[in-house]
Protein chains: 2
Amino acid sequence: MTAMIFLSKDCDDIMLEKDLTFDDIKPRLLGHWGTCPGLVMVYAHLNRIIRKRDLDVSPGILASLWLEGALHAFYPEYTMTSAGLKRLISLFSVPGGFPSHINAQTPGSIHEGGELGYALGVSFGAVMDSPDLIVACVVGDGEAETGPTATAWHGFKYIDPAESGAVLPIVHVNGFKISERTIYGVMDNKEIIALFTGYGYQVRIIEDLENLDNDLAASMEWAVDEIHKIQKAARSGKPIVKPRWPVLILRTPKGLSGPKKLGDEFVEGSFHSHQVPLPKAKTDKAQLDLLTEWLRHYEPQELFDAQTGEPVPEVLSIIPQSNEKKMGMRKETYRAYQSLTTPNWQTHSAEKGGEASCMQAVGQFLRDVMVENPKTFRMFSPDELESNKLNAVLEKTGRNFQWDVASRGQGGRVIEILSEHTCQAMLQGYTLTGRTGLFPSYEAFLGIVHTMMVQYSKFTKMAVETTYRHPCGSMVKTSTWARQEHNGFSHQNPSFIGAVLNLKPKLARVYLPPDANCFLSTVAHCLRAKNYINLMVGSKQPTPVWLSPEEADLHCIAGASVWKFASVDEGKDPDVVLVGIGVEITFEVIAAAALLRKLCPSLRVRVVNVTDLMILSEEGTHPHALTNSSFNTLFTEDRPIHFNYHGYPIELKGLLFGRPGLSDRVTMEGYREEGTTTSPFDMMLANHVSRFHVATAALRVAAPRNSSVAVDAHKLEAQLKHMAEKEKQYIYATGKDSDAIYTVPKFE
Amino acid sequence: MTAMIFLSKDCDDIMLEKDLTFDDIKPRLLGHWGTCPGLVMVYAHLNRIIRKRDLDVSPGILASLWLEGALHAFYPEYTMTSAGLKRLISLFSVPGGFPSHINAQTPGSIHEGGELGYALGVSFGAVMDSPDLIVACVVGDGEAETGPTATAWHGFKYIDPAESGAVLPIVHVNGFKISERTIYGVMDNKEIIALFTGYGYQVRIIEDLENLDNDLAASMEWAVDEIHKIQKAARSGKPIVKPRWPVLILRTPKGLSGPKKLGDEFVEGSFHSHQVPLPKAKTDKAQLDLLTEWLRHYEPQELFDAQTGEPVPEVLSIIPQSNEKKMGMRKETYRAYQSLTTPNWQTHSAEKGGEASCMQAVGQFLRDVMVENPKTFRMFSPDELESNKLNAVLEKTGRNFQWDVASRGQGGRVIEILSEHTCQAMLQGYTLTGRTGLFPSYEAFLGIVHTMMVQYSKFTKMAVETTYRHPCGSMVKTSTWARQEHNGFSHQNPSFIGAVLNLKPKLARVYLPPDANCFLSTVAHCLRAKNYINLMVGSKQPTPVWLSPEEADLHCIAGASVWKFASVDEGKDPDVVLVGIGVEITFEVIAAAALLRKLCPSLRVRVVNVTDLMILSEEGTHPHALTNSSFNTLFTEDRPIHFNYHGYPIELKGLLFGRPGLSDRVTMEGYREEGTTTSPFDMMLANHVSRFHVATAALRVAAPRNSSVAVDAHKLEAQLKHMAEKEKQYIYATGKDSDAIYTVPKFE
């Protein structure tokens, strides 16, 4: 590790036969030394026990990966020779080399740090449905301060020891984060034992510096025994009630075995060892000499063969012999993708012309997916399965909550912990090891995992670029602001769409299916998709079914189409194009079209629904983006277009900006962050997306081009204004929307 | 509470003298009954002890607020009469009434639920620098599952009992969330006591249903005694080492005193009581009768005066006499804003033409702010103060980490917990009680609090609309993707800008000051601002100082201006306008202008820097938005414009969309999510924002209009491409950028 931080490609003497010179040092010194000694020690001991007990353990770190040959397996240039070792050292953390922390390029990794807090939750997700796998998860005491980690400790309460593997958490308490003491660092052993006992663990603390190796070895043996005891009981049909899984606390000074002091400042055992302990080694002779001394005391000559540079047999002796046992070469971390058998969604299709809840229909479909994929599909939800009307899945499976003595008998494929962070982390661990997961959540609260989702997609991007990976993830988001009126302002926030729009186009998909059949078709498609973040925005309330199953499939494949039944002359030669994006919002567009048909028959209206948001983006910027010519076929070449959009208009503007000459013929309305606890239709009024607003907008933009419309425009606007006010009065008088608002418009 | 959920305005018999009829029931039944009994009980007992012990305790809930007259104080129509009571009941959770949960309209509230997890952290922030205040924070066992709450329990470790008040956490364990058991609900008392002992608390469990009142009363007496003991010791100069603050665990069945069963389903003590226990009361006779029975067993006639409808003296006897003691009328929750004395920033200004780190300069300024505002200004950071080079503040104050025996002596104004959630929650509690806070963080990780920030701004919006509030908050975000090359891809994510752009314009401000003087001017401005989310994006690395202090002030007031020193003929009659937004990005624009001056002297370039992003938004959509005419004065009426932007281009497109006829003369580059561990300039190359890309873009857009440019355009493009490749080769050969890249361009 030390050599990797400091030694440049000009250093040919990595065995330190001569003293180092400034030329041997890298121009930019980057890395995180402080935590390395502990990690290396843990890795070595994991190897020891894997070999001794023939275990399946994940995952890995860089230098150790070279040592076990995993690096060489995926990056042939990293040979087990002095050349390979030198490459590892000199290319570490420089352009073209490996970064200073584990990322998707690192063999065996299923999680990148940087944004801290999720390693533990990801580990729990990774062991689900892999009964023989043990994931050793090292949690630093910095990461332990994060909220997501603080609640992820409960994760094992959702692990069924009969069907899933185990996580062995190793808390690495070295006392410091970047520049401040850590909370765990200032907690004494009594406090730590009490805390983890309360979480439900058996705690073993490893801190005797004189005897670290034996202590760590014995502790791992103990931990693995405890894990097997719990699993054996569960698998023999006599599960232990509230089984107490093991946790190891490793207390070592930060930067153990590094320089003790630099001038008067402590280095070992202080935050000074967090990144680069000898920052001036390239220019300061004293620091350079300290470095020589530091590197020499590891006695490289004893560790590597003088000729070949290969590690000596004694070092290699702890490494598992078979490749698939090596932590850096676990199949789970690559080539692990298992595609789903997706049943025919049409068996759950809703009848055209009727009403159906998107979520209820999807729930029935997912129930069948559960049945046909008993080991490769799971749902993670912050206790929102019922309230999102997806509960049909519970007919064929249960909620897996082991700690609940009453319900643990049943186990099941649904995890409901009121922690979006834990749901997302488990989803990531589960999908990055080749399975498929679904995360139903309230629209307003899905943003809680905004950055996690971004990190996940970054990991996916890198993973896909390094050829050997196939992760896969899906999200459903529902209960949109448009139907959160009773919960009020705090439950209204569609901004997660924008978060997904910012992702690399090749990884991001956003769908707003307008009815139950379209939603079914979209879910069925997304469950088969690989390496995407699929965001689906729908409604749980019953809404009209506009399209037959066949029409729905065609509409979803196209991403958008003219809805002839709501358009004049099937939308030919229109004065105005009205576009609906989103369930409730599209209903208002159709209602507006019906209003206009009655109030202003001479106005030629074309109604378009967009279900795949990405088709709007500038030609060439996204795989789904329409060419400019097909865009104009759909939206006309020169007619005014009014968008009625579910999300923030600024997102739509961003998507449309590059389309030639559009800005002067486009108007739009969307979520304005208005409205609190009120009725659904009052939300439409407050945010200017109601049928009355749409119809008014249509008249305004069409009038300049259509004289017969212009004549009546003002009169009609006043009329629409009046109708809107009447609805508002009704709502505030009765506390509810008038039934008329929900009757499906007729087009004579 | 029950009456509020069910009884409509048509019900004149709120004392239940007759049986209820369907007409008495609201059309839409909304609310969250399950948790009410516990909350009411807690509120009553808090009142009791406030009155008995003359304490200062915050905050409140709706029905109790009516009872204590706080509702009447802020909303005169809610009189303490049967009319007022009826209003409270019939308008609850209907359009125009109060929502079904506490929000900014609720007197005494400083936090809205909905998105769960932050009540505890907010409470810790609220008591800081208010030595006599006790915030009683009720945490449900649903909320307790969230990550942010799970780590916020450590919050008291950052509270100095000598200078700050105390939080009294009351964990309300009723066993169920929306439809699943809770983690705390299935933990036995041993587990809960161990967990909270580990967190560092003294635990007292209240669960004897036969004896709840006495037990709760005694427990509160005990808790207050313990709090005073800890505070007394600290304030007498003999602080207790690791003081153990009290926590109360209240175990009651969910929906206690509600209907026991509905058919065969349990209601009391099950998730069925979460929202509306008798959902069909409007149509089902059996449920209606159950409701009558339920309401009657509270014996309303005993509680209210038959004539006036006023609560009987016995009920009122527990309410504090003086208004300022009433939890719904705490001054801290309104009229609490204390403006800062902001020192003159110019004393820390950097010399024009030199180099300076924005963050270092700001750090020195903030040090003075700390000194001049010893009780009203704090900084909250996830251990990123040092790494963001703001450490100058530590010369005059310390980090407040009470649990660290070594450092706790000093106390201090800086809180560094590695939990963005806790930092943001404490910031909210501190600012919503009238003080000012700053949250320095890495750009990529600030998004962790995306939804918290949105909720905070929603609360602010509502608070501002209800006239009596003046919160204030500021955020600084630094260490942008442009300088995260060594940490790699995972540390690169400017998406938080987009999150702020989505907020209500009147609440949101985004600044990207181009140099140290501009950053100082901006911070000084933001610390004086009220009710805004101020987002400032800067760099911690030394960068050129382009403007003098005076020029910087003018530039920041304007929000954007032509940089004549980098433009041809001071930017008159340009062929192309080059716009830089962001520190490093603007440097590249200036370098590009210098390159073009040399390579293509006939090309007339205007260089513009934008420091206030909001000036770009469509005329009339934001207070800072430029009129179209001033926009054209700055960016010309018809010349091509190339934007070099720090964030995601889609955001910029969204801002510019409404500007007439702009899309066909605008090109732009921004963050493309490219690059990993590499050199800073390689990041510019990878994301197409380097000087070479800017110069190339300038030539391409200018060529069609300027024949003399057109002639050489292709040759010059090839030349620029070659220069870029040479730099890249240098970077990969040496591991660093060439010095030439950082030398400030000269304009002859």
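If you check an unreviewed UniProt entry, chain A appears there as XFP N-terminal domain-containing protein from Schizophyllum amplum. If you open the UniProt record of chain A and go to Sequence similarities (unreviewed entry), you find "Belongs to the XFP family." UniProt, in its Cofactor (unreviewed entry) section for chain A, records the words "thiamine diphosphate".

Attention shifts here to the overall build of chain A. In terms of regular secondary structure, chain A is built from 26 helices and 21 strands. On the principal axes, the C-alpha backbone points of chain A span a range of 95 × 60 × 45 Å. Buried positions account for 68% of the 748 residues belonging to chain A. Put simply, 76% of the contacts in chain A that link residues at least 6 apart link residues at least 24 apart. Only carbon and sulfur atoms are counted for the fraction: they give 54% of the accessible area of chain A, which is about 24,200 Å². Charge centroids of chain A, computed over 75 positive and 86 negative side chains, lie 3 Å from each other.

Residue and element names in this part refer to chain A. For helix H11 (residues 285–296), which comprises 12 residues, the first-to-last C-alpha distance of 16 Å matches the rise-based estimate of 16 Å (1.5 Å per residue) to within 8%. When we look at burial in H11, the residues that qualify are Gln287, Leu288, Leu291, Thr292, Trp294 and Leu295. Along the axis of H11, the buried positions cluster into a sector of 165°, meaning they face one direction only. Away from its buried face by more than 90 degrees, H11 exposes Ala286 and Glu293. If you follow the buried residues of H11, they end up packed against helix H1 (2–6), strand E6 (261–262) and helix H12 (300–303).

The next subject is the relation of the copies chain A and chain B. Once turned by 180° and shifted 0.0 Å along the axis, chain A lies on chain B with an RMSD of 0.0 Å. Classification of the inter-copy transformation places it as that of a two-fold axis. The overlap is high: 100% of the interface residues of chain A also sit at the interface in chain B, so the same surface is used on both sides.

Now for the confidence of the model for chain A. Summary statistics for chain A give a mean pLDDT of 87 and a share of 94% for residues scoring 70 or more. Scored as a complex, the prediction yields pTM 0.92 and ipTM 0.91.

Here we take up the interface of chain A and chain B. Think of interface size as the accessible area that goes away when the parts come together; that is how it is often given. The interface of chain A with chain B comprises 112 residues on the first partner and 112 residues on the second. Each partner contributes to the roughly 9,500 Å² buried at the junction of chain A and chain B, and carbon and sulfur atoms together form 58% of this total. The largest share of the area that chain A buries against chain B comes from Leu418, Asn502 and Phe657 of chain A, three residues that together contribute 8% of it. Linking chain A with chain B are 10 salt bridges, by the criterion used here.

All names here are of chain B. Read from one edge to the other, the open sheet built from 5 strands follows the order E17-E19-E18-E20-E21, with strand pairing classed as mixed. Since the sheet does not close on itself, it has two edges, and those belong to strand E17 (560–562) and strand E21 (666–669), each with one partner. Pairwise comparison of adjacent strand axes, ignoring direction, gives a mean angle of 20° for this sheet. Across 5 bridges, the pairing between strand E18 (residues 576–581) and strand E19 (residues 605–610) is parallel. Bridging from a neighbouring strand, glycine 580 pairs with asparagine 609 of E19.

So, on to the side chain of threonine 696 of chain A. All names here are of chain A. The residue threonine 696 is located in helix H25 (residues 691–702) in this model. Looking at threonine 696, the relative accessible area reads 14%, which means it is buried. When neighbours within four sequence positions are excluded, threonine 696 is seen to be in contact with Glu717 and Leu720.

This paragraph deals with the packing of aromatic side chains. Residue and element names in this part refer to chain A. Following the criterion strictly, the structure yields 42 aromatic pairs over all chains and no others. Judged by centre distance (6.1 Å) and plane angle (70°), the ring pair of tyrosine 184 and phenylalanine 196 falls under edge-to-face. Here the residue tyrosine 184 occupies a position in helix H8 (residues 183–186), and phenylalanine 196 occupies one in helix H9 (residues 189–199), the gap between them amounting to 12 residues. Classification of tyrosine 184 by relative accessible area gives buried; the value is 2%. Each ring, one from tryptophan 546 and one from phenylalanine 565, has its centre 5.9 Å from the other, and the planes form 15°; the classification is stacked. Of the two residues, tryptophan 546 is situated in the loop between strand E16 (542–544) and helix H20 (549–558) and phenylalanine 565 in the loop between strand E17 (560–562) and strand E18 (576–581); the sequence distance between them amounts to 19 residues. Look at tryptophan 546 and you get buried, because its relative accessible area is 8%. When its relative accessible area of 36% is taken as the criterion, phenylalanine 565 is described as partly exposed. Its end group placed over the ring of tryptophan 403, lysine 157 keeps NZ or CZ at 5.2 Å from the ring centre.

We now examine unusual backbone geometry. A positive phi angle, near 60°, is found at histidine 688 of chain A, a position not held by glycine. By secondary structure assignment, the location of histidine 688 of chain A is in the loop between helix H24 (680–686) and H25. We note that lysine 242 of chain B has phi near 45°; this positive angle belongs to a residue other than glycine. With respect to the helices and strands, lysine 242 of chain B occurs in the loop between helix H10 (212–235) and strand E5 (246–251).

Along the chain, the position of serine 629 of chain A falls in helix H22 (residues 628–635). For serine 629 of chain A and glutamate 619 of chain A, which are 10 residues apart along the polypeptide, the C-alpha to C-alpha distance reads 9.6 Å.

Cut-offs applied
Residues numbered from 1 in each chain as written. Chains lettered and ligands numbered in written order. Predicted model: local features only at pLDDT ≥ 70, side-chain atom pairs only at ≥ 80, totals over all residues. Heavy atoms only, no water. UniProt positions renumbered as here; feature names shortened; annotations may be inferred. Helix = DSSP H or I, 4+ residues; strand = E, 2+ residues; numbered from the N terminus. Buried < 20%, exposed > 50% of the residue type's maximum accessible area, 1.4 Å probe, protein only. Contact = heavy atoms within 4.5 Å. Areas by Shrake-Rupley, 256 points an atom, 1.4 Å probe, with all protein chains shown as cover. Lys, Arg positive; Asp, Glu negative; His and termini not counted. Charge placed at Lys NZ, Arg CZ, Asp CG, Glu CD. Expected span 1.5 Å × (residues − 1). Arc of directions from axis to C-beta. Least-squares fit on C-alpha atoms with pLDDT ≥ 70 in both. pLDDT = per-residue confidence, 0-100. Buried area = accessible area lost by both parts, 1.4 Å probe. Salt bridge = Lys/Arg side-chain N within 4 Å of Asp/Glu carboxyl O. Pairing = 2+ DSSP bridges. Axes fitted to C-alpha atoms, helices over the stretch in contact; angles between N-to-C directions. Phe/Tyr/Trp six-rings, centres within 6.5 Å; stacked < 30°, edge-to-face > 60°. Lys NZ or Arg CZ within 6 Å of the ring centre and 35° of its normal.

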